[in-house]
Amino acid sequence: MDTSNSAASANKATLQTPKYPNQVTGMYILARALRMVGITNMYGLVGIPVTDFAYIAQEQGIRFAGFHHEQNAGMAAATHGYLTKTPGVLLTVSSLGFLNGLTATANATVNCYPMIQISGSSEREPIDLGQGTYEGLDQLSIAKPLVKAAYRVNKPEDIPTAVVRAYRAAISGRPGGVYLDITTPCLGAIMNMADAEKLFYKPVDLVPAMVPSEESVKRAVELISSAKKPVFLIGKGAAYAQVENKVKQLVESTGIPFYPMSMAKGLMPDNHPLSAISCRSTIMQQADVVVLIGARLNWLLSRGHGKWNSDTKFVQLDIDPQEIDINRPIAAPVIGDLDSSLTAILSQLGNHKTSMDPAWVTQLQAETKVKKAKLDERLQQNASTQPMNHWTALSAIKPVLESNPDVILVNEGANTLDDTRDAVNMSLPRHRIDCATWAIMGMGMGSCIGAAMATGKSVVAVEGDSAFGFSGMEFSTICRFKLPVTVVIFNNGGIYNGIGVNMSNDGDPAPTTLDVNARFDKIGDAFGAQTYYVTNPADLKNALSEAIASKKPCLIDVQLAADSGKESGHIGYLNPASLQNITV
Ligand code: ADP
Ligand code: TZD
Ligand code: MG
């Protein structure tokens, strides 16, 4: 598209033609610099000024996944970062492409996932003077408040340094999203290959260990060993840090029960005898010492208030000192990377006797048994309901997923999220990826793609029909890349359900209403996937087993009843007080 010649004339560097291979441009330097720090994958959407760069990156051995929308590519990069402990990379064009991607980079920052968003940006002068250039936007200023770090590169000579800085910022300390703004002139600027070669270097110690102080470890160990009713509360920071072996050692050597947050499910198996996953309220009300391992005391834990006992003491293992004391006083903070902190705690704990009351474990185990029986009963009671509800569908899905433990489960929606999380036991670490800290919709297809590409494993997404809509077009990307991803859509015809009533009665759908008769399987057909439309649990079970076994893109449209599901799933209490009775 050529809307003006002013951009090209202002950018003298792009007017010259580089004589490859003696000369190279910023794009080549960027691709090489990314390879030098070990980047193997990039997710994005091309156009002016980054199309050539994506081609060169592919040539240089970076796998490039082209998407339909930048937010989804960003979700893929974030998931890649979370699963591999290396930054995922997102590539966007200027202005709206940048903004579309930035939503995912901001979400990654909130969730402590390492990623780098690289965006082309227009040349500075007309932006700074507000002269109306092609896709002109002061991107760096916009990104800054939403990301962990943001840098702009104006000269090709600076690219390798910028890439290393972005990498270190994304991954050191608390991981997060980093924005790297690369101007069009910089991407097109020409250098002699020989000079460019001198710029590259392999950075040393990219992820240094951060060892906790001895004093903090001593304080924590004394508190843990003096506790009568202790619990280890495990968050996705521990999953990210890949410390499952140390957590297992800690739990099994002390006999202390554990409680996993949603994405920490599977770090220790949900059906482990010391799992207290069903005892959330009891832990809040009765535990005397809670050890937070890579989990924040944020809204997902009532910020330490609500049901929590005001006498409960907290030990908190985290890499970020600013996380301490934010909602409740933390009696024993241990600041360090989890691997170092757990190593130190394990070596000290051996010298201490624990004081745990054995009745605490028996109590939690008895409660777990009762809760499990209730869950089984719920699944049983709904197992043959027609038309299906969420629990009918889950009674079919649960045994299939649990007998395929190495499949990564991606999960979003409201009831679809809450019920799937509660119903499906996980037994391996980093096998559950969901809408996480912000509880956002739209992470689904991107996360499937990121998970499949980062690990090579099979993925199953269990999606609400609304949730799927946010990223559904990327099912085409799943198909183009022939990924072993099965997308299961719970269609209850709406956000929360499909029975909303429009209070003006003008014939328009209600705000929560979508289409309970929609045939999502036909979307899959459009892209050549194996598809299924199922209306009963037996067909769903067969379809899911067959889909997983195929290791090909599959889409299963699960027909639910329109009245299945309630407003906001488990978190309806977060809605402001109702003004009038609405039907939803
Ligand atoms: P959850 O949602 O599962 O409760 P959060 O995202 O709230 O988990 O918390 C994750 C925590 O883990 C963050 O406070 C983050 O600083 C911390 N964290 C991330 N990586 C590490 C690491 N390598 N070592 C120590 N703490 C980490
Ligand atoms: N937009 C974004 C980006 N994130 C959100 N969380 C929402 C809107 C609000 N929202 C929820 O919190 S859950 C949800 C929305 C739109 C969808 C729930 O419907 P669903 O699942 O079809 O995905 P169920 O099974 O019908 O509850
Ligand atoms: Mg729905």
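No experiment lies behind these values; they were computed from the predicted model shown. (Residues numbered from 1 in each chain as written. Chains lettered and ligands numbered in written order. Predicted model: local features only at pLDDT ≥ 70, side-chain atom pairs only at ≥ 80, totals over all residues. Heavy atoms only, no water.)

This part takes up the overall build of the chain. Check the secondary structure of the chain and you find 24 helices and 19 strands. Over its C-alpha trace the chain gives a radius of gyration of 25 Å, about what one expects of a compact globule, namely 25 Å for 584 residues. Across its three principal directions, the C-alpha atoms of the chain cover 75 × 65 × 50 Å. In the chain, which comprises 584 residues, the share counted as buried stands at 56%. For the chain, the proportion of contacts with a sequence separation of at least 24, taken over those separated by at least 6, is 75%. Here the chain displays about 24000 Å² of accessible surface, and carbon together with sulfur accounts for 53% of that area. (Helix = DSSP H or I, 4+ residues; strand = E, 2+ residues; numbered from the N terminus. Rg over C-alpha atoms; globule rule 2.2 N^0.38 Å. Buried < 20%, exposed > 50% of the residue type's maximum accessible area, 1.4 Å probe, protein only. Contact = heavy atoms within 4.5 Å. Areas by Shrake-Rupley, 256 points an atom, 1.4 Å probe, with all protein chains shown as cover.)

Our focus in this paragraph is the coordination of the magnesium ion (ligand 3). Bound to the magnesium ion (ligand 3) on the protein side are Asp 465 (OD), Asn 492 (OD1) and Gly 494 (O), at distances that span 2.0 to 2.1 Å. Mapping the donors of the magnesium ion (ligand 3) onto the primary sequence gives the spacing D-x26-N-x1-G. Highlighted residues: Asp 465 in helix H21 (residues 465–471) and Gly 494 in the loop between strand E17 (485–491) and helix H23 (521–526), separated in sequence by 29 residues. For the pair formed by Asp 465 and Gly 494, the shared burial category is buried. (Donors = N, O, S within 2.8 Å, 3.2 Å for Na, K, Ca; no water.)

As a further point, take the site of ligand 2. In the vicinity of ligand 2, 17 residues are found, and the nearest of them are His 390, Asn 415, Thr 416, Asp 465 and Asn 492. Within the backbone of Ala 414, one N or O atom sits 3.3 Å away from an oxygen atom of ligand 2. Between ligand 2 and the protein, one listed contact pairs a nitrogen atom with a backbone N or O atom of Met 441 at 3.1 Å. Burial of ligand 2 by the protein amounts to 77% of the accessible area it has alone, namely 590 Å². Broken down by secondary-structure element, the contributors of at least two residues to the shell around ligand 2 are helix H19 (415–423) and H21. Among the elements that make up the shell around ligand 2, the one with the highest residue count is H21 (4 residues). (Near = heavy atom within 4 Å. Polar contact = N/O pair within 3.5 Å; in protein donor to acceptor, adjacent residues only side chain to side chain.)

The next thing to look at is the sheet that holds strand E16 (residues 459–464). Sheet strands line up and pair through hydrogen bonds in the backbone, either parallel or antiparallel. The 6 strands lie next to each other as E15-E14-E16-E17-E19-E18, forming an open sheet whose pairing is parallel. Each edge of the open sheet carries a strand with a single partner, namely strand E15 (432–434) and strand E18 (530–534). Neighbour-to-neighbour, the strand axes of this sheet turn through a mean angle of 15 degrees, independent of strand direction. Pairing analysis gives 5 bridges linking strand E14 (residues 408–412) to E16, with the strands arranged parallel. For Glu 412, the partnering residue across the bridge sits in E16 and is Glu 463. (Pairing = 2+ DSSP bridges. Axes fitted to C-alpha atoms, helices over the stretch in contact; angles between N-to-C directions.)

Quick look at the sheet that holds strand E12 (residues 313–318) now. Taken together, 5 strands build an open sheet; the order of strands is E10-E9-E11-E12-E13 and the sheet is parallel. The sheet is open, and its two borders are formed by strand E10 (258–260) and strand E13 (332–335), each paired with just one other strand. With strand direction ignored, the average angle separating the axes of adjacent strands in the sheet is 15 degrees. Summarising the sheet, strand E11 (residues 289–293) and E12 pair through 5 bridges and their orientation is parallel. The partner of Val 290 across the bridge, within E12, is Phe 314. Packing of helix H14 (residues 244–254) onto the sheet brings it into contact with strand E9 (230–234), E10 and E11, and relative to E9 it is tilted by some 165 degrees.

A word on the packing of aromatic side chains. Counted according to the given criterion, the structure contains 6 aromatic pairs. The ring of Phe 200 is capped by Arg 32, whose NZ or CZ atom sits 4.6 Å from the centre of that ring. Its guanidinium or amino end placed over the ring of Tyr 533, Arg 519 lies 3.9 Å from that ring's centre, counting from NZ or CZ. (Phe/Tyr/Trp six-rings, centres within 6.5 Å; stacked < 30°, edge-to-face > 60°. Lys NZ or Arg CZ within 6 Å of the ring centre and 35° of its normal.)

For Glu 463, the position within the fold is in strand E16. Sequence-distant contacts of Glu 463, that is, excluding residues within four places in its chain, are made with Val 410, Glu 412, Thr 416, Gly 444, Met 445, Phe 468, Val 487, Val 488, Ile 489 and Phe 490.

What follows concerns the site of ligand 1. For ligand 1, the set of nearby residues contains 19 residues, the closest of which are Arg 174, Lys 236, Arg 296, Asp 318 and Leu 338. Lys 236 places a main-chain nitrogen or oxygen 2.7 Å from an oxygen atom of ligand 1. In this structure, Asp 318 approaches ligand 1 through a side-chain N or O atom, which is 2.5 Å from an oxygen atom. Of all the elements, helix H13 (residues 236–240) adds the most residues to the shell around ligand 1, at 3 residues. Considering only residue class, the shell around ligand 1 consists of 8 nonpolar, 6 polar and 5 charged. (Nonpolar A, V, L, I, M, F, W, Y, C, P; charged D, E, K, R; others polar.)

Scanning all chains against the criterion turns up 23 salt bridges. For Asp 195, the salt bridge identified is with Lys 198, shortest N-O distance 3.6 Å. The exposure class assigned to Asp 195 is partly exposed, which follows from its relative accessible area of 33%. A salt bridge links Glu 244 to Arg 430; the nearest nitrogen and oxygen atoms lie 2.6 Å apart. Placement of the pair is Glu 244 in helix H14 and Arg 430 in the loop between H19 and E15, with a sequence separation of 186 residues. The network of salt bridges with common partners includes Arg 124, Asp 128, Asp 138, Arg 152 and Asp 181. (Salt bridge = Lys/Arg side-chain N within 4 Å of Asp/Glu carboxyl O.)

Buried within H14 are the following residues: Glu 244, Val 247, Leu 250, Val 251 and Thr 254. An end-on view of H14 places all buried positions within 125 degrees of arc, on one side of the element. Seen from the buried face of H14, the exposed residues on the opposite side, beyond 90 degrees, are Asn 245 and Ser 253. Residues of H14 that are buried sit in contact with E9, E10, E11 and helix H16 (338–349). Positive backbone phi, approximately 75 degrees, marks Gly 255, located one or two places after H14. (Arc of directions from axis to C-beta.)

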